[in-house]
Amino acid sequence: MLKKLLKYDLKSIFKPLIIFYSIIIFLAIFGCFIHRFNSSALTAFLYDFCSGAIPGFAIGAIINNTLNLWRLFHADFYGDHAYLMRTLPVSSKALYLSKFLSVLITIFTTLVIVMFSLMIIYGASDVFTNLEHIITAVPHGLSLIIMIGLLIYLELIFAAQVGTTSSILGHYTTKNHALRSVIIGFTIYLFASAFILLIVFLAGLINPEIMRIFTEDLHTFGSANGLEIFHQISLIAIIVYSTFITITYLLNQKLLARGVDVE
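Residues numbered from 1 in each chain as written. Predicted model: local features only at pLDDT ≥ 70, side-chain atom pairs only at ≥ 80, totals over all residues. Heavy atoms only, no water.

Chemist: Outline the layout of surface pockets, listing residues and values.
Modeler: The calculated volume of the second largest pocket comes to roughly 620 Å³. Residue lining of the second largest pocket: 24 residues in total, with Trp 70, Ala 159, Val 162, Gly 163 and Ser 166 positioned closest to the centre. Elements supplying a minimum of two residues to the lining of the second largest pocket: α2 (41-77), α6 (141-170) and α7 (177-206). Among the elements that take part in the lining of the second largest pocket, α6 stands out by supplying eight residues, more than any other. (1 Å grid on protein atoms, 1.4 Å probe; cavity = no way out; pocket = protein on both sides within 12 Å on 5 of 7 lines; lining within 4 Å. Points joined across faces, edges and corners; volume = space filled by probe spheres on them. Helix = DSSP H or I, 4+ residues; strand = E, 2+ residues; numbered from the N terminus.)

Printed below as a string of C-alpha cells:
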C-alpha cells in the first residue's frame, strides 16, 4: 500500500513540476545553442536572458514543489481527500511516510534538474574544469562542494517539514487554521535559525577560529583558513538540520497518531 500511496503522491507533485522542468531544460539547451554562434548584441542578449531566467524558474520550481507538498498533505489529512483516505486500509503512519518520502524524492529531483541545466548552459566542460580546480586548489574542496549541496537539500527538506508541522498544530485550534499555521510555521523556522546560530556561537567558544565569523569582516573568508572555518560551520549546520528533520518527522507521526479533525 505504501508503494501505491507514494506513486499517487509523486504523480500529484510532479505533474505541475514537469512544466517548470521543461522550461528550465529548454532555456538551458537554447542558451547553449545560441552561445555557439558568433557573439552579437542579439545572441548575447538571448544568452544572458536564458542564463538569468534559469535561476528564476529554478526558484519557482522549488516554491511550487514545496507548496504542492503542503497542499497534498492538507488535502489528504484535513481536506477533500481526508474521508476517502480513512476508508483505505492504511495507517496514518504509512500515509505520512509517503508524504515524507515524496519530500525527499521531489526536492532531490528538482535540485538535480537545476544543476543539470546550469551545466548545460554554462558548458559541462567548463563546469568540470572549475570543479576540478576547486577540488585541487581549495582545502577540503570536494567535501566542501558536497556539503554545500547537502546543506541546501536538508534546508529545503526542513522548510517543507516545518510547513507540515505547523499545519498539524494549526488544526488543533477551532478556527483560523490557516493563519495560525502560518504564524506557527514562521515561529518554528525562526527558532530553528536562531538555534543554529547559537550552536555555531557555542562552537566558537570552544574553537576561536569559528568565532571569527562573528567578529571579522566576511571578505576575509576567501582565504584558505576562512574556507576551513566555513567547512566546519557547514558540518555543524548539516548535523543540526538532520537532527531537526528527524525530530519534526517523529513529532508529526506522534501528533497524527492522536487523530485529526477533518474540516
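This is not the end of the story, as more comes after the structure.
Chemist: Before we move on, could you go through helix α1 (residues 2-35) and cite the residues and values that matter?
Modeler: Its 34 residues give α1 an end-to-end C-alpha distance of 46 Å, which sits within 8% of 50 Å, the value for a rise of 1.5 Å per residue. At Lys 15, α1 shows its largest bend, some 40°, and a proline, Pro 16, comes one to four positions later. (Expected span 1.5 Å × (residues − 1). Bend = angle between axes of the 7 residues up to and from the residue.)

Chemist: How would you summarise the pattern of salt bridges if you had to cite specific residues and measurements?
Modeler: Applying the stated criterion across every chain yields a total of one salt bridge. Ionic pairing is found between Asp 9 and Lys 99, a salt bridge with its closest N-O pair at 3.2 Å. Of this pair, Asp 9 sits in helix α1 while Lys 99 sits in helix α4 (residues 92-122); the two residues are 90 residues apart in sequence, bridging distant segments of the chain. Since its relative accessible area comes to 6%, Lys 99 is described here as buried. (Salt bridge = Lys/Arg side-chain N within 4 Å of Asp/Glu carboxyl O. Buried < 20%, exposed > 50% of the residue type's maximum accessible area, 1.4 Å probe, protein only.)

Chemist: So, the packing of α2 against α4: which residues are in play, and what are the values?
Modeler: It is at 11 Å that the axes of α2 and α4 come closest, and there the two elements cross at 175°. Considering the angle they form, α2 stands roughly antiparallel to α4. Here the contact of α2 with α4 is built from residues that sort into 19 nonpolar, seven polar and two charged. (Axes fitted to C-alpha atoms, helices over the stretch in contact; angles between N-to-C directions. Parallel < 35°, antiparallel > 145°, perpendicular 65-115°, else oblique. Nonpolar A, V, L, I, M, F, W, Y, C, P; charged D, E, K, R; others polar.)

Chemist: Give a detailed account of empty space enclosed by the protein, specifying residues and quantitative values.
Modeler: On inspection of all chains with the given rule, the structure shows one cavity of 30 Å³ or more. If you add up the space inside the largest cavity, you get close to 70 Å³. Forming the boundary of the largest cavity are Leu 69, Trp 70, Phe 73, Tyr 96, Lys 99, Phe 100, Val 103, Ala 160, Gln 161 and Thr 164. In terms of residue count, the dominant contributor to the lining of the largest cavity is α4 (four residues). Considering only residue class, the lining of the largest cavity consists of seven nonpolar, two polar and one charged.

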